[in-house]
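Inside the fold
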Amino acid sequence: MRTIWNSTLASRRASAALGALGLLTVALGSGGCGDDPPNPNGSGSGEPNPSGGGGDGVSGPAFVVGTRIWDDTSTTAYFHVVPSLDQGTEVDLSQALEVPGSAKLYGFEDLGWLAIGRGDAPTIARYTLDGRGALAKGTSVSLQPLGVQDLWPTLYLVSPTKAYYPDRDNEQLIILNPTTMEVEGRIELPETARQGYRALYSYGSILRGDSLLFSVGWFDWDQNDTILEETGLVVIDTTTDTLVRVEVDERCGGITQPVETASGDAYFVSSALAGAAHLLERLPTEPCALRVQKDADAFDKDYLQALAELTDGAIAGEPIPGGGDTVFLRVFDERAATIEANSVTWDLTSQKVWQWWRWDTATGEAAPIDALSPMTSDVLWFQVDGRVFGTETTDDNAESTLIELTAEGGPKRGLTVPGFLHGVAKVR
C-alpha cells in the first residue's frame, strides 16, 4: 500500500480559491458515459419540455422515474412523476416529461432536490414540481467551460450548498452549488491519472466528517480489455475543496462502488467486470473487498476479504446495499455460462448467469437468494425512501420493472414502466 500526499496543499488552496472566483461567472443559461445498454455513451438533441409530468399535483409522496426508449435512429428519455413505486402504479407515457437523447437523472432525497442532465450537452438543469404535480424546469448550469463533453450519472453530495461532479474524463471534481446551480470551482486530480487507462471514480462516495472519500479503479476498455491490479482511495477536504491524499492499495483491483453498512463501516468491493477480467486472466488480483472502518479515512490494512471464500469459489462482485450490515453480491455461474476463447469481459457480464447472493458482513457468511432469478451483472439499483431497488428489464428493453430488494419477507416486484429504467428519485 502506498500513499500520494498532497505536498503542495497551501498552494493548491490558493489556486482553488482563485479558480472559484474565476468560475463564478460561468453561464447559467440552458444549454460519456451514462448507463445505456450495451453502449454507455449516449447523445441526443433539443430542449426539455417542462409541460410533461403527472402525480397528484397536491400533496403526498412523489417520485420521478427516468426511462429511455430507442428506435432505429434516436434515443428519447422520459421522466415520469408517480405517487408510488409499488406494483400496480399507473404510468402514462403521454404525461411524461420528454427529453431527446440519453438524459441523466440526479436527485438528493434529503433535500428534495432534482435535476436532469441533457443528453446532447453537458448541462444540468434543476427541476421542481409545479402546482399540478408536473416537472417544471428551473435554473441550469453548463459544465462545458471546464472541459466536460458528456455527462456521467453521478454527483457526490456534501451539503445543501455543495456537491461534486466527478469528471472522470478530465480527472477532476467540479464543485457545484445545488441551491444556486452555480459552478464554484474545481479540484484537479492528476494523481489519479494512469496512461492508457480510464480513471473510473466510484459511483458513490462516503463522508467522514469534513472528508469525502471515493475510490478510483483503472480500466482499459478501448484497447486491451484490462484492469490495473490496484485501487485508489481519494480523500478530499470539503471545507477547503482540496485534495488531502490519494492512497493506493495493491491488494485489490477493479473497484467501482462503496457500500456503507449499519455499523458505519464502508466496504469497497470488486466490480463484476473485475471478476470477469480475473477469470479471463486479464487482472491478477482475484475479486475482493477492502474496508474503511467507521470514523476512519483510510483502507484498513488488516482487512482483505476474498469473495471466492464467501461464494464457494465462484467469481463475484458488483456490491449493492442489502440493509443493515448486509451487502448483495452478483455471483457468476460458470457452469451456465458460455466462455469462448476470444471472450472479453463484456461477453461475461452481459450473460444472464449472475446469481444474487447476500453477504452478512457482521458474521462473514454469504448465501444465494433463491427468490431472484439470475440476471446480467450490471443491474441498476437505487436507494430510495429507505428501500433498495434493483431492476428487471426485458431483452428488447421495451419494459422495466423495479424489484424491491430489501422488502420485508424477501424481494418483491414493484412499478413497471415502458422502456429501459435508468433513474429513480424521491422529490416529495
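The notes below deal with the structure included here. In this text, all values refer to a predicted model and were calculated from it rather than measured experimentally.

1. Notes on the overall build of the chain
When you go through the chain residue by residue, the secondary structure sums to three helices and 31 strands. Each of the 428 residues in the chain was classed as buried or not, and the buried ones make up 53%. Approximately 17,600 Å² of the chain is accessible, and the part contributed by carbon and sulfur atoms is 46%.

2. Some words on the state of the cysteines
Applying the stated criterion across every chain, the model contains one disulfide. Linked covalently through their sulfurs, Cys-252 and Cys-288 form a disulfide whose S-S length is 2.0 Å. Where Cys-252 bonds to Cys-288 through sulfur, the torsion about that S-S bond is close to 125°, and the disulfide is right-handed. Note that Cys-252 is positioned in the loop between strand E18 (242–249) and strand E19 (255–260) and Cys-288 in strand E21 (residues 288–292), a separation of 36 residues in sequence. Classification of Cys-288 by relative accessible area gives buried; the value is 3%.

3. Focus: unusual backbone geometry
Apart from glycine, the bulk of residues carry a negative phi angle, and the bulk of peptide bonds sit in the trans form. In this structure, Asp-241 is a non-glycine residue whose phi angle is positive, near 55°. When you line up the elements, Asp-241 lands in the loop between strand E17 (231–237) and E18. The exposure class of Asp-241 is buried, given its relative accessible area of 14%. Notably, Asp-385 is not glycine yet its phi reads approximately 55°, a positive angle. Within the element layout of this structure, Asp-385 appears in the loop between strand E27 (381–384) and strand E28 (387–393).

4. So, the sheet that holds E28
With respect to topology, four strands assemble into an open sheet ordered E27-E28-E29-E30, the strand pairing being antiparallel. Both outer strands of the open sheet, E27 and strand E30 (412–418), are each paired with one neighbouring strand and no more. For this sheet, the mean angle separating the axes of adjacent strands, direction not counted, is 30°.

5. Some remarks on helix H2 (residues 272–279)
One full turn of an α-helix is made of 3.6 residues, so residues set three or four places apart face in the same direction. Taken across its eight residues, H2 has six buried, putting it largely inside the fold. The set of residues buried in H2 consists of Ala-272, Leu-273, Ala-274, Gly-275, Ala-276 and Ala-277. Where H2 is buried, its residues touch strand E15 (211–220), strand E16 (226–227), strand E20 (266–270), strand E23 (316–321), helix H3 (345–349) and strand E25 (354–360). Downstream of H2 by a residue or two, Glu-281 has a phi angle that is positive, lying close to 60°.

6. Quick look at the sheet that holds E23
Sheet strands line up and pair through hydrogen bonds in the backbone, either parallel or antiparallel. Sheet architecture is open: four strands sit in the order E23-E24-E25-E26, paired in antiparallel fashion. In the strand order of this sheet, the two ends are held by E23 and strand E26 (365–368), each with one partner. Averaged over all neighbouring strand pairs, the angle between strand axes comes to 30°, with direction disregarded. Sheet topology note: the E23/strand E24 (residues 326–332) ladder contains four bridges and is antiparallel. Counted as the bridge partner of Ile-320 is Phe-328 from E24.

7. Thoughts on the pairing of strand E29 (residues 399–404)
Extensive coverage of E29 is indicated by the burial of five of its six residues. Taken together, the five bridges between E28 and E29 define a ladder with antiparallel strand orientation. When the sheet's bridge partners are listed, Phe-389 is paired in E29 with Glu-404. Turn length for the E28-E29 hairpin, with the two strands adjacent in sequence and antiparallel, is five residues, and the turn residue Asn-397 shows positive phi of about 60°. With five bridges connecting them, E29 and E30 associate as antiparallel partners. Bridging from a neighbouring strand, Glu-404 pairs with Lys-412 of E30.

Rules and cut-offs
Per chain, residue numbering runs from 1 following the sequence as it is written. The predicted origin of the model limits local features to residues at a pLDDT of at least 70 and limits the giving and counting of side-chain atom pairs to 80 or more, whereas totals for whole chains, interfaces and linings rest on all residues. The side-chain numbers reported here are obtained from all heavy atoms of the structure, hydrogens and water having been left aside. Only DSSP runs of H or I reaching four residues or more are called helices, and only runs of E reaching two or more are called strands; each is numbered from the N terminus. The classification of residues rests on relative accessible area computed with a 1.4 Å probe and restricted to protein chains. Under 20% of the type maximum is buried, over 50% is exposed, and intermediate values are partly exposed. Residue exposure ignores everything except the shown protein chains as possible cover, and the areas themselves are Shrake-Rupley values with a 1.4 Å probe. Any cysteine sulfur atom paired with another within 2.5 Å is treated as part of a disulfide. Paired strands are those between which DSSP finds at least two bridges. To get an axis, fit a line to the C-alpha atoms, keeping to the stretch in contact for a helix; angles then go from 0 to 180 degrees between the N-to-C directions. Residue contacts are defined here by distance: any two heavy atoms, one from each residue, within 4.5 Å place the two residues in contact.

The analysis is restricted to geometry; functional conclusions fall outside its scope.
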